[in-house]
Amino acid sequence: MRVLGVDPGLTRCGVGVVDGVPGRPLTLLGVGVVRTPADADLGHRLVAVERGIEQWLDEHRPEFVAVERVFSQHNVRTVMGTAQASAVAMLCAARRGIPVALHTPSEVKAAVTGSGRADKAQVGAMVTRLLRLDAPPRPADAADALALAICHIWRAPAQNRLQQAVAQHTARITASKGRTA
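Residues numbered from 1 in each chain as written. Predicted model: local features only at pLDDT ≥ 70, side-chain atom pairs only at ≥ 80, totals over all residues. Heavy atoms only, no water.

Chemist: Talk me through the overall build of the chain; I want residue IDs and the actual numbers.
Modeler: Across its full length, the chain holds 5 helices and 5 strands. Seen through its principal axes, the chain has C-alpha atoms that stretch 65 × 40 × 35 Å. For the chain, buried positions account for 39% of its 181 residues. Once local pairs closer than 6 in sequence are excluded, the contacts in the chain between residues at least 24 apart make up 63%. For the chain, the exposed surface amounts to about 10000 Å²; the carbon and sulfur share of it is 54%. For the chain, the distance from the average position of its 22 positive side-chain charges to the average position of its 15 negative side-chain charges is 9 Å. (Helix = DSSP H or I, 4+ residues; strand = E, 2+ residues; numbered from the N terminus. Buried < 20%, exposed > 50% of the residue type's maximum accessible area, 1.4 Å probe, protein only. Contact = heavy atoms within 4.5 Å. Areas by Shrake-Rupley, 256 points an atom, 1.4 Å probe, with all protein chains shown as cover. Lys, Arg positive; Asp, Glu negative; His and termini not counted. Charge placed at Lys NZ, Arg CZ, Asp CG, Glu CD.)

Rendered as structure tokens:
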């Protein structure tokens, strides 16, 4: 499974591509950051994020895109920029028919480190270890993007099984209601 992880942001949008399956060593295919100038017009910044993500999609052809789920922050301006960059990533993937998964920061931290309260240094250290790197990717946005991809690789099979079980259960209930009507 090849996953593009996106840690959304307007100034620095972390991107990382990981290939692998649960229980096997993971392979880093690429990591970086799409940057935009803080003093540029919002529209131009969003176009720059789009172009950057499109380049990553063209180059790496992921099967899935994992994006950090935006959560409420105290700084409304920060959360708005994060949400806008997140929407751009989802739009780019949707245009190509690539499934998108949203993962919360605590879900990603728990998947990669074992603790949903891990700090950035712990996430970076585990990403380094899991991908057999010499040093943690910099800036932290890049390491976070890789953590998102790893989280999706490890959690997607279980999430898919749960979704299939719910769908089968719903279908059985619907069928039994049809027989009793």
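After that view, the rundown keeps rolling.
Chemist: Describe the packing of helix α3 (residues 105–113) against helix α4 (residues 120–130), and please don't skip the residues or the numbers.
Modeler: It is the contact of α3 with α4, at a shortest axis distance of 9 Å, that shows an interaxial angle of 45°. Between α3 and α4, the interaxial angle falls into the category oblique. Helix-helix and strand crossings are classified by hand; for α3 and α4 the assignment is left-handed. Between α3, through Lys109, Val112 and Thr113, and α4, the contact on the second element is made entirely by Gln122, Val123, Met126, Val127 and Leu130. (Axes fitted to C-alpha atoms, helices over the stretch in contact; angles between N-to-C directions. Parallel < 35°, antiparallel > 145°, perpendicular 65-115°, else oblique. Left-handed = near helix turned anticlockwise from the far one by under 90°.)

Chemist: Explain the sheet that holds strand β4 (residues 64–68) residue by residue, including any values.
Modeler: Taken together, 5 strands build an open sheet; the order of strands is β3-β2-β1-β4-β5 and the sheet is mixed. Of all the strands in the sheet, the pair left with one neighbour each is β3 (27–35) and β5 (100–103). On average, each strand axis in the sheet is tilted by 20° relative to the strand beside it, whichever way the strands run. Across 4 bridges, β4 lies against β5 in parallel orientation. Counted as the bridge partner of Val67 is Leu102 from β5. Sheet strands in contact with helix α1 (residues 42–60) are β1 (2–7), β2 (12–19), β3 and β4, and its direction is about 165° off that of β3. (Pairing = 2+ DSSP bridges.)

Chemist: Let's hear about the environment of Ala101: which residues, and what values?
Modeler: Locating Ala101 in the fold gives a position in strand β5. Non-local contacts of Ala101, meaning those with residues more than four positions away in its chain, are made with Val65, Ala66, Val67 and His152.

Chemist: Quick one: what's the story with unusual backbone geometry, residue by residue and with numbers?
Modeler: Here the amide bond leading from Arg138 into Pro139 is cis, since omega sits at -5°, within 30 degrees of zero. Within the element layout of this structure, Pro139 appears in the loop between α4 and α5 (140–180). Phi angles above zero are rare outside glycine, and Arg61 is one such case at about 45°. You can see Arg61 is positioned in the loop between α1 and β4.

Chemist: Go over α4 with me, naming the residues and quoting the values.
Modeler: Of the residues making up α4, those classed as buried are Val123, Gly124, Val127 and Thr128. Along the long axis of α4, the arc covered by the buried residues comes to 135°, so they all point the same way. Away from its buried face by more than 90 degrees, α4 exposes Ala121 and Arg129. Taking the backbone nitrogen of Ala121 as reference, a side-chain oxygen 3.2 Å away marks Asp119 as the first, capping residue of α4. (Arc of directions from axis to C-beta. Polar contact = N/O pair within 3.5 Å; in protein donor to acceptor, adjacent residues only side chain to side chain.)

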